[in-house]
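Architecture and fold: a report
Given next are the chains, with one letter for each unit.
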Amino acid sequence: QQHLVESGGGLVQPGGSLRLSCAASGFTLQNYGVGWFRQAPGKEREGVSCMSRADGVTHYAASVRGRFAVSRDNAKNMVYLQMNNLKPEDTATYYCAAESGWGAVCPAEYEFWGQGTQVTVAS
């Protein structure tokens, strides 16, 4: 009953943009820290960004800093990942995750994970 669903992935040319959505069901996402992760074929899952539960502090991986931005729409119980100036190396399955604890901005563990949405950057 409590779960996350990502959407918005697709095929985009290098230099293009996509906005991914993370929709929560069965719980109030405003009360959770949110992380975005990605995993490319044959690669380990890597963190993309982390947003704190309460104060809006957000960290970004160096590889995406300045190109990606996380935002919340609490009225819709959703979080977004705006991705600009996309590069082929951004190709991956993207996941959102939520954690209710009051720990670090980027916690070691997350309680809920989405199923992932595929992003392919190619000409």
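Every residue gets a number counted from 1 within its own chain, in the order that chain's sequence is written. Where totals are concerned, whole chains, interfaces and linings use all residues; where local detail is concerned, this predicted model gives features only for residues with pLDDT of at least 70, and gives and counts side-chain atom pairs only at 80 or more. Based on all heavy atoms of the structure, the side-chain values leave hydrogens and waters out of the count.

**Overview of the sheet that holds strand β1 (residues 3–7)**
- By the convention used here, strands pair only if DSSP detects at least 2 bridges between them. Strands are runs of DSSP state E lasting at least 2 residues, helices are runs of H or I lasting at least 4, and numbering of each runs from the N terminus. One open sheet accounts for four strands, arranged β1-β3-β8-β7; its pairing is antiparallel. Both edges of this open sheet fall to β1 and β7 (68–73), since each of them pairs with a single strand only. Neighbour to neighbour, the strand axes of the sheet diverge by 20° on average, direction disregarded.
- Note that β1 and strand β3 (residues 18–25) share five bridges and pair antiparallel. The residue of β3 that forms the bridge with S7 is S21. For helices, the fitted axis covers only the stretch in contact; all axes are lines through C-alpha atoms, and the angles between them, taken along N-to-C directions, range from 0 to 180 degrees.

**Quick word on the state of the cysteines**
- When two cysteine sulfur atoms lie within 2.5 Å, the pair is treated as a disulfide. Under the defined criterion, the tally for this structure stands at two disulfides.
- Two residues, C50 and C106, share a disulfide whose sulfurs are 2.2 Å apart. Here the disulfide of C50 and C106 is right-handed, its torsion about the S-S bond being about 115°. Here C50 is found in strand β5 (residues 46–51), whereas its partner C106 is found in the loop between β9 (92–99) and β10 (112–113), with 56 residues between them in sequence.

**Things to note about the side chain of T93**
- Note on placement: T93 falls in strand β9.
- Using a relative accessible area of 18% as the deciding quantity, one classes T93 as buried.
- For the purposes of these results, a polar contact is taken to be a pair of N or O atoms within 3.5 Å, where, inside protein, one atom must be able to donate a hydrogen and its partner to accept one; residues adjacent in sequence count only when each atom of the pair is a side-chain atom. One polar contact links T93 to Q118, side chain to side chain, over a distance of 2.9 Å.
- Apart from residues no more than four positions distant in its own chain, T93 is found in contact with F37, R38, Q39, G116, T117 and Q118. Working definition: with a 1.4 Å probe on protein chains only, accessible area under 20% of the residue-type maximum means buried, over 50% means exposed, and in between means partly exposed. Residue contacts are counted whenever heavy atoms from the two residues lie within 4.5 Å of one another.

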